[in-house]
Amino acid sequence: MKLLEDRIKKEGKALSETVLKVDSFINHQVDSEFMDALGEDFAEHFKDAGITKVFTIESSGIAPALMTAKHLDVPMVILKKQTSKILNGNVYQTRITSFTKGTSYELTLFADYIQPEDRILLIDDFLANGEAAMGASRIIAESGATLAGIGILIEKSFQKGRNRLEEAGYNVYSQARIGKLGEGVIEFLDEDAPAADLASEASE
Ligand code: G4P
């Protein structure tokens, strides 16, 4: 998606070969008009998928997920990160480990906010190894609902996430796909370029 690629070119900073900083418009300061445009694009892409709810994982996915939900006219649900298991209450939980941040948490959803007939669109800001998205998919499967699509703002195609999600059978749309990062280097991939070769060598 050109709008996002142009913004990344203008304001994104490659901190290393694996980390892209986008604090000025996504992760720290948020540009609401821009998020609205990204949400409109996700809604257009998934308009025929019968989406009944947009899910995201706190916190940076919330802004684009909310805008997407607005354009699809469905509710948005935030999957919470708890440091430990909730032992009472009707919840779905699964453990997620972030390789990028070196942290673990229990991804948590109260059962009230998902029904077996729901068709879920998962929106998140970054796709790296796919741990968070695979965790969300476990929760959705456990509830009996369907994960009908996954929308990502920035896919790091040299990491494993895209392949893992596609191998698991999910419909993934990334608005910007990054093939290579390095100090001062940000290279984009076309929407339909395979991620497989690039990711096969990457361990994280
Ligand atoms: P994965 O879910 O795809 O496996 O990703 P991984 O665990 O490696 O990283 C997850 C966390 O790291 C996410 O934040 C994600 O937004 C962030 N992240 C991954 N790669 C990058 C990057 O290149 N740049 C930036 N700025 N962030 C990156 P989170 O822990 O869910 O926190 P939050 O930011 O949503 O609160």
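That block above? That's the structure.
Colleague: Please explain the sheet that holds strand S7 (residues 119-127) as it appears in this structure.
Modeller: Paired through their backbone hydrogen bonds, the strands of a sheet run either parallel or antiparallel. Pairing in this open sheet of eight strands is mixed, and the strands run S5-S6-S4-S3-S7-S8-S9-S10 from one edge to the other. Since the sheet does not close on itself, it has two edges, and those belong to strand S5 (91-98) and strand S10 (185-189), each with one partner. Adjacent strand axes in the sheet meet at a mean angle of 30° when their direction is disregarded. Pairing between strand S8 (residues 146-156) and strand S9 (residues 172-182): six bridges, direction parallel. Note on S9: the bridge partner recorded for Ile 152 is Ser 174. Helix H1 (residues 2-11) contacts S8, S9 and S10 of the sheet and is inclined by roughly 170° relative to S10. Packing against the sheet, helix H4 (residues 62-72) makes contact with strand S3 (53-57), strand S4 (76-82), S7 and S8, and its axis sits at approximately 180° to S3.

Colleague: So what exactly am I meant to see when it comes to the pattern of salt bridges here?
Modeller: Side chains that differ in charge, positive against negative, can pair when their charged atoms come close. For the coordinates displayed, the defined rule picks out 13 salt bridges. The shortest N-O distance in the salt bridge between Arg 7 and Asp 31 comes to 2.9 Å. Of this pair, Arg 7 sits in helix H1 while Asp 31 is found in the loop between helix H2 (23-27) and helix H3 (32-45), placing the two residues 24 residues apart along the sequence. By relative accessible area, which is 17% here, Arg 7 ends up buried. Residue Arg 164 is joined to Glu 131 by a salt bridge in which the shortest nitrogen-to-oxygen separation is 2.7 Å. Of this pair, Arg 164 sits in helix H6 (residues 161-167) while Glu 131 sits in helix H5 (residues 131-143), placing them 33 residues apart in sequence. In this structure Arg 164 comes out as partly exposed when scored by relative accessible area, which is 28%. It is possible to trace a salt-bridge network through shared partners that takes in Glu 155, Arg 162, Glu 166 and Arg 177.

Criteria and thresholds
Residues numbered from 1 in each chain as written. Predicted model: local features only at pLDDT ≥ 70, side-chain atom pairs only at ≥ 80, totals over all residues. Heavy atoms only, no water. Pairing = 2+ DSSP bridges. Helix = DSSP H or I, 4+ residues; strand = E, 2+ residues; numbered from the N terminus. Axes fitted to C-alpha atoms, helices over the stretch in contact; angles between N-to-C directions. Contact = heavy atoms within 4.5 Å. Salt bridge = Lys/Arg side-chain N within 4 Å of Asp/Glu carboxyl O. Buried < 20%, exposed > 50% of the residue type's maximum accessible area, 1.4 Å probe, protein only.

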